[in-house]
Amino acid sequence: MPPSAITFELVHGVQRGASRAVGILGGDIDLCREKLYDLPESELKYILASIDRWTQNLNKPAKRFHGFDGKYSDCFVFKHVPKQHRFYGFLCNPEPKTNQRFRVCVLTTYAKKKTWETDLAELNRVHKWRDAPATKTAISYIFPEYKEAHE
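Residues numbered from 1 in each chain as written. Predicted model: local features only at pLDDT ≥ 70, side-chain atom pairs only at ≥ 80, totals over all residues. Heavy atoms only, no water.

Re the sheet that holds strand E3 (residues 65-67)
The cut-off we apply is this: When DSSP finds two or more bridges between a pair of strands, those strands are recorded as paired. Per the convention used, a helix needs a DSSP run of H or I reaching at least four residues, while a strand needs a run of E reaching at least two, with both numbered from the N terminus. Lines fitted to C-alpha atoms define the axes here, with helix axes fitted over just the stretch in contact, and angles between the N-to-C directions of these axes take values from 0 to 180 degrees.
With respect to topology, six strands assemble into an open sheet ordered E1-E2-E6-E5-E4-E3, the strand pairing being mixed. Both edges of this open sheet fall to strand E1 (7-10) and E3, since each of them pairs with a single strand only. Taking each pair of neighbouring strands and ignoring which way they run, the sheet shows an average axis angle of 30°. In this structure, E1 lies alongside strand E2 (residues 20-26), joined through four bridges in antiparallel fashion.

Here you go:
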């Protein structure tokens, strides 16, 4: 069986901001695209509203989204605390030549989180997808500079 085709698209229903956007990977059972779009409507609206806040350069409230420190400083999460949904991804600049300040959060991983601390296995999964050649290829269909910068 051939390897699955990894896809990348900007999240539907969210405006791209002047300096931020959010995309999502799909095409593999480990990725979170289907999980996001299969959420009940009210829960999807909550997550999309959180994403929209971030793309419009609003950096709070932390109960909706936040970054991480240290080794995982490129990781990011959008969350719906009452429903225990977590959508993890990585931050990158897909236009390093033409728009150095632009950031995209590439969502990769879904988890149902019941504890306070983040399971580092989730962030390691994000890094696995960040480093995958198929991810770079998929992102480069929308942002051609991304692959050039990572070759």
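A look at the pattern of salt bridges
Our working rule: A carboxyl oxygen of Asp or Glu within 4 Å of a side-chain nitrogen of Lys or Arg is what we treat as a salt bridge. For every residue, the accessible area (1.4 Å probe, protein chains only) is compared with the maximum for its type, and the residue is labelled buried under 20%, exposed over 50%, or partly exposed between those bounds.
Evaluated as defined, the whole model comprises 10 salt bridges. Residue glutamate 43 pairs with lysine 83 through a salt bridge whose shortest N-O separation is 4.0 Å. Taken together, the residues span a long stretch of sequence, with glutamate 43 in helix H2 (residues 41-55) and lysine 83 in the loop between strand E4 (75-80) and strand E5 (85-92) at a distance of 40 residues. Relative accessible area serves as the criterion here: at 11%, glutamate 43 is assigned to the buried category.

Let's talk about unusual backbone geometry
Most peptide bonds are trans, and most residues other than glycine sit at a negative phi. Proline 61 follows lysine 60 through a cis peptide bond whose omega is 5°. Looking at the secondary structure, you find proline 61 in the loop between H2 and E3. Although it is not a glycine, asparagine 57 adopts a positive phi angle of roughly 70°. By secondary structure assignment, the location of asparagine 57 is in the loop between H2 and E3. Assessed through its relative accessible area of 39%, asparagine 57 is described here as partly exposed. Here glutamine 84, not a glycine, exhibits a phi torsion of approximately 65°, which is positive.

Description of empty space enclosed by the protein
Left-over empty space is what a probe sized like a water molecule reveals as it rolls over the atoms. Filter applied, for reference: Throughout, the protein atoms alone are placed on a 1 Å grid, and a set of points is a cavity if a 1.4 Å probe fits but cannot get out or a pocket if it is open with protein on both sides within 12 Å along at least five of seven lines; lining residues have an atom within 4 Å of a point. Grid points are joined across faces, edges and corners, and a volume is the space filled by probe spheres set on the points.
Tallied over the full model, the rule gives one cavity of 30 Å³ or more. Reported here for the largest cavity is a volume of approximately 40 Å³. Around the largest cavity sit His66, Phe68, Val77, Lys79, Arg86, Tyr88, Lys113 and Thr118, which together line it. If you list the elements that add at least two residues to the lining of the largest cavity, you get E4 and E5.

A few points about the packing of aromatic side chains
For the record, the criterion: A pair of Phe, Tyr and Trp rings is counted when the ring centres sit within 6.5 Å of each other, with Trp represented by its six-membered ring. The angle between the planes then sorts it: under 30 degrees is stacked, over 60 is edge-to-face, the rest tilted. Whether a charge sits over a ring depends on NZ of Lys or CZ of Arg being within 6 Å of the ring centre and within 35 degrees of the ring normal.
Inspection of the entire model under this criterion finds nine aromatic pairs. Aromatic side chains phenylalanine 68 and tyrosine 88 sit 6.4 Å apart centroid to centroid with 35° between the ring planes, which places their arrangement in the tilted category. On the criterion of sequence distance, the pair formed by phenylalanine 68 in the loop between E3 and E4 and tyrosine 88 in strand E5 is long-range, its members being 20 residues apart. Residues phenylalanine 68 and tyrosine 88 agree in their burial class; the two are buried. Connected via pairs of aromatic rings, a cluster forms that spans Trp54, Phe65, Phe76 and Phe78. Lying across the ring of tyrosine 46, arginine 64 places its NZ or CZ 4.0 Å from the centre.

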